[in-house]
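# Analysis of the macromolecular model
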Amino acid sequence: MEVLGIDIGGSGMKAAIVNLKTGEFTTKRKRFKTPQPATPEAMMQTVVKLQKHFDWSGPIGCGFPAAIIDGTVKTASNVDKSWIEKPLANMIRKATGCATRVMNDVDVAGLAEMRFGAGKDHNGTVLVLALGTGIGSALFHNQQIMPNTELGHIQFKGDIAEAYAANSVRENEDLSWEVWGKRLNLYLVEVHKLFWPDLIIIGGGVSKKFKKYEKYIDKKLNVIPAELKNHAGIIGAASQFL
């Protein structure tokens, strides 16, 4: 089965057709810039542009940077506030004529890692963390997701945790890998105390640099890098149809 996976972010909207048996792209990825301001009307036009680019009439899976409940947007941190309470799944369905499923963007990236990447065949409790501008989280137990977790927003060091340990903080404060790696470890220890995951998967751009900070992470936490890199959002968006 093939599905058009769309990964919507604050700066880019990316898509590819995904083979759900293998988790691989069957087309090249296409990316358009996210319209600014990122209003529902402008972004839906870009979704339709992606559909037309692939001449697509089959199912569409979408990852979106917000808490999503029953296909409806509940938060808006990296898109226009007018998205709140918009029925995203129905909007895509009407605009494209395609069967549509939507979830939080980090949740779908987590789905991809659990089904085709670093978490494949791993039961127990698994925490996927996307370290970028903030810290996104996806929590699984026996391959089942608990959607819309916001573990980057737990109170930590006098602020929310992502203000202390996100990759953007490392870049903005010009932190060494050692200093940042130790910060990240403190955060991981805290999250581990709360949820006791058997495995923690680190995603986002820093997954490619894992060797640079691996030694500063407590071995007891069982932390590994994600495998699917920038493809995870698209693959996971499509895999909602599995």
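To be clear, the structure that these remarks concern was listed above.
Residues numbered from 1 in each chain as written. Predicted model: local features only at pLDDT ≥ 70, side-chain atom pairs only at ≥ 80, totals over all residues. Heavy atoms only, no water.

## Observations concerning the side chain of T125
Defined as follows: To qualify as a helix, a DSSP run of H or I must reach at least 4 residues; to qualify as a strand, a run of E must reach at least 2; elements of each kind are numbered from the N terminus. Pairs of residues are marked as contacts when any of their non-hydrogen atoms sit within 4.5 Å.
Looking at where T125 falls in the secondary structure, it is placed in strand β9 (residues 125-131). With residues near it in sequence (within four places) discarded, T125 still touches L139, F140, H141, F195, W196, P197, D198 and L199.

## Digging into unusual backbone geometry
Put simply, the rule is: Residue exposure (1.4 Å probe, protein chains only): buried if accessible area is under 20% of the type maximum, exposed if over 50%, otherwise partly exposed.
Look at the link from Q36 to P37: it is a cis peptide, with omega at 0°. A positive phi angle, close to 50°, is found at D70, a residue other than glycine. Structurally, the position occupied by D70 is in the loop between β6 (68-69) and β7 (72-73). Its relative accessible area of 77% is what places D70 among the exposed residues. One non-glycine residue, K229, lies in the positive phi region at around 50°. Mapped onto the elements, K229 comes out in the loop between β15 (223-225) and α8 (232-238).

## Notes on the layout of surface pockets
In plain terms, the rule: Of the two site types, the cavity is a set of points on a 1 Å grid over the protein atoms alone where a 1.4 Å probe fits but cannot get out, and the pocket is an open set with protein on both sides within 12 Å along at least five of seven lines, each lined by residues with an atom within 4 Å of a point. Grid points are joined across faces, edges and corners, and a volume is the space filled by probe spheres set on the points. Side-chain classes follow a simple rule in which Ala, Val, Leu, Ile, Met, Phe, Trp, Tyr, Cys and Pro form the nonpolar group, Asp, Glu, Lys and Arg form the charged group, and the remainder, Gly included, forms the polar group.
Within this model, the largest pocket holds a volume of roughly 1,300 Å³. Lining the largest pocket are 45 residues, with D105, V106, A130, G132 and T133 positioned closest to its centre. Those elements that place two or more of their residues in the lining of the largest pocket are β1 (2-8), β2 (12-19), α3 (105-116), β9, β10 (135-141) and α8. Partitioned by chemical class, the residues of the lining of the largest pocket number 13 nonpolar, 22 polar and ten charged.

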